[in-house]
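# Structure at a glance
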Amino acid sequence: MTFIRRYTALPTFRRSETTLSISALLKVCKTTSSLEQVHSRIIGKGLHEDHFIMSQFITLCNSLCNFSYSTSVFNLVSSPSTVLWNTYMKGQSENESLSLTISIFIRMKRSDAVPDKFTYPSLIKTCSKECAVKEGVALHGSAVRCGVGGDVFVMTSLIHLYGKCGEILCARKVFDEMRERNVVSWTAMIVGYASFGDLVEARKLFDKMPEKNVVPWNAIISGYVKCGDLKTARKMFDEMPYRNVVSYTIMIDGYAKSGDMASARFVFEEAPEKDLVAWSALISGYVQNGQPNEAVRIFHEMCSMNVKPDEFIMVSLMSACSQIGSLEQAKWVDDYVSKSSIDIRQAHVIAALIDMNAKCGNMDRATKFFEEMPKRDLISYCSMMQGLSLHGCGSQALSLFSRMLNEGLTPDDVAFTIILTACSHAGLVDEGCYYFETMKTNYSIVPSPYHYACVVDLLGRTGRLKEAYELLKSMPVEPHAGAWGALLGACKLHCDIELGKVVAEQLFELEPQNAGNYVLLSNIYAADEQWLDVNLLRNKMKDRGIRKIPGCSWI
């Protein structure tokens, strides 16, 4: 039985084709197939010029993400009303580019329809998404000329646009010109100040608000969190008359970003209800703070409560597996994602799958995902190169780097760190030195201490200790302990006692309490049987209260 026959057979719908019955049919449409059947009935009964029906029909097309269909239907209406233009434009503005949305607005103005107060908010919102201030200003002027520039919804949309794009004075000017304001208007202005980093003005405005619901409370707390003032954020959080799940998530995310996972977990446990975003904030927090095993544990706890993860949680879980490096766990996550409804073709999902498989040693699987990508980006190339480097395939990493350049991608500082590390692990000295110079001359990238450390490690591994030392001395900034540590390790490897002493002294200044540096120098002395120096160094450690951390084994 077709959709039309099934529903017109019910007592609720009379068989007489009226606007009311078509409207009722549209309300129960759930698929494109049923939509097409109703459309056929609309055309058959000559209702395709009924603006009320067509407005409902286009809204339904948009809700089913069938935008090409809604465009075709709209273009068949001979003289669309303002309401119909607004309906069509709203759907397009939420899912298409700004340029296409503006072109629809221009078409509307050239027709007989006159823009009204419902026309502009969706257009201005599209400008906000792309931070298109110039287009937003033009729409502001158009709204004023059309006599709706003073409408509360239009003005609130403008405040949001100017605030988000950093034009805070323009936002405040619009706010001050408003004859009436609602909670959304006040909140938009508070968010604008918070985004601009002016928490003083944001707080003044918040305190002046005649009425507050949970949204402005969340906005001001979020502002303090983003500025790193968690103490004030927590104080206001505790003062809230009512909190929702967003309130708790803001605090969880804030504590996680500051590295305080104990407080993040405490707030999470306090929350009376937890949605996917709250779970995601906690799991990603553990991942970002180098606690991948805890992230995995929380994921399993979430699943045990019948909460179905989305792609963002799965990406965080993949990142946790990348840190752990467990091939078995990576295979389980890969299999879970493949069997789920998550679309692995999404760029951020497939990038995470490549990174996880590459770092956990499943290079065949990582390569499969990589080659299946419709368009490979810098991140996916870096994940593959890093995986190859970690698993002893330095030459393949270099070949992939060349392929990346041939595809027209421009390497950044991270890409060069990865390729220099690959050269170091594979002992490819000439290639590493070439890429180090190329980074500076061809791409105008100023080498960071990490780049220098990679080259020092590369030269040190191959016994070119003097060159490595001269490179460290030539650095425009003070070398960090990692670079000196790499050279000290090379001194031990190649039994260079004299240079080892010099390098160790640098490390003793940078890391006076790091026992590992003393032990490494002691081992250099011991390898040359300089037992007096070994004893002197041990006495120095004892005098400074430095103790070697004892080793342990799981066996």
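Worth saying up front: this structure is predicted, and the values here are computed from it rather than measured.

What counts, and where the lines are drawn
- Residues numbered from 1 in each chain as written.
- Predicted model: local features only at pLDDT ≥ 70, side-chain atom pairs only at ≥ 80, totals over all residues.
- Heavy atoms only, no water.
- Phe/Tyr/Trp six-rings, centres within 6.5 Å; stacked < 30°, edge-to-face > 60°.
- Helix = DSSP H or I, 4+ residues; strand = E, 2+ residues; numbered from the N terminus.
- Buried < 20%, exposed > 50% of the residue type's maximum accessible area, 1.4 Å probe, protein only.
- Lys NZ or Arg CZ within 6 Å of the ring centre and 35° of its normal.
- Core = buried A, V, L, I, M, F, W, Y, C linked by side-chain atoms within 4.5 Å.
- Contact = heavy atoms within 4.5 Å.
- Axes fitted to C-alpha atoms, helices over the stretch in contact; angles between N-to-C directions.
- Parallel < 35°, antiparallel > 145°, perpendicular 65-115°, else oblique.
- Left-handed = near helix turned anticlockwise from the far one by under 90°.
- Nonpolar A, V, L, I, M, F, W, Y, C, P; charged D, E, K, R; others polar.
- 1 Å grid on protein atoms, 1.4 Å probe; cavity = no way out; pocket = protein on both sides within 12 Å on 5 of 7 lines; lining within 4 Å.
- Points joined across faces, edges and corners; volume = space filled by probe spheres on them.
- Expected span 1.5 Å × (residues − 1).
- Salt bridge = Lys/Arg side-chain N within 4 Å of Asp/Glu carboxyl O.

Take the packing of aromatic side chains next. Per the stated rule, a full pass over the model turns up 19 aromatic pairs. On the basis of an interplanar angle of 10° and a centroid distance of 4.1 Å, the ring pair of F508 and Y518 is categorised as stacked. Taken together, the residues span a long stretch of sequence, with F508 in helix 31 (residues 497-510) and Y518 in helix 32 (residues 515-527) at a distance of 10 residues. Of the residues examined, Y518 reaches a relative accessible area of 0% and is grouped as buried. Taken together through their ring pairs, the aromatic side chains of F401, F416, Y434, Y435 and Y443 make up a single cluster. For the cation-ring pair, R181 lies above W186, with the distance from its terminal atom to the ring centre recorded as 5.6 Å. Over the aromatic face of F370 sits the side chain of R376, whose NZ or CZ is 5.4 Å from the ring centroid.

Turning next to the nonpolar core. Buried together is how nonpolar side chains tend to be arranged in soluble globular proteins. One finds F57, I220, I221, M318, M385 and L487 to be the most contacted residues of the largest nonpolar core, which totals 177 residues. Beyond its immediate chain neighbours, meaning those up to four positions away, I220 contacts I190, L199, A202, R203, F206 and M236.

Put simply, helix 32 and helix 33 (residues 531-543) touch, their axes get as near as 8 Å, and they point 165° apart. Put simply, helix 32 runs roughly antiparallel to helix 33. Crossing of helix 32 against helix 33: the hand is left-handed. Facing helix 32, whose interface residues are A515, Y518, L521, S522, Y525 and A526, helix 33 presents W531, D533, V534, L537, R538, K540 and M541. Across the contact of helix 32 with helix 33, the residue classes tally to nine nonpolar, one polar and three charged.

What follows covers the layout of surface pockets. Its volume calculated, the largest pocket comes out at about 320 Å³. Around the largest pocket, the lining is made up of 17 residues, and of these P121, S122, K125, F153 and S157 lie nearest the centre. Taken together, the elements giving at least two residues each to the lining of the largest pocket come down to helix 6 (82-95), helix 8 (120-129), helix 10 (152-164) and helix 12 (183-196). For the lining of the largest pocket, a count of residues per class yields five nonpolar, seven polar and five charged.

Let us look at helix 10. Under the 1.5 Å per step criterion, the end-to-end length of helix 10 is 18 Å for 13 residues, consistent within 8% with the ideal 18 Å. Within helix 10, 10 of the 13 residues are buried, which leaves the element mostly enclosed by the surrounding structure. Listing the buried residues of helix 10 in full gives V152, V154, M155, T156, S157, L158, I159, L161, Y162 and G163. The positive-phi residue at the C-terminal boundary of helix 10 is G166, with phi of around 85°.

Moving on: unusual backbone geometry. With phi around 55°, S444 is a residue other than glycine that occupies positive phi space. When you line up the elements, S444 lands in the loop between helix 27 (429-441) and helix 28 (449-461). Phi at C495 takes a positive value of approximately 55°, unusual for a residue other than glycine.

The subject of this paragraph is the environment of A453. Tracing the backbone through its elements, the reader meets A453 in helix 28. Residue classification places A453 among the buried residues on the basis of a relative accessible area of 13%. The sequence separation of A453 and G485 amounts to 32 residues, and the corresponding C-alpha distance is 9.0 Å. Ignoring any residue separated from it by four or fewer positions in sequence, one finds A453 in contact with H480 and A483.

Our focus in this paragraph is the pattern of salt bridges. Within the structure shown, the criterion is met by 28 salt bridges. Among the ionic pairs, K501 bridges to E498, the shortest N-O distance being 3.9 Å. Residue K501 and its partner E498 are located together in helix 31, separated by three residues, close to a single helical turn. The exposure class of K501 is partly exposed, given its relative accessible area of 29%. Each of R265, E269, E294, R297 and E301 takes part in a single network of salt bridges with overlapping partners.

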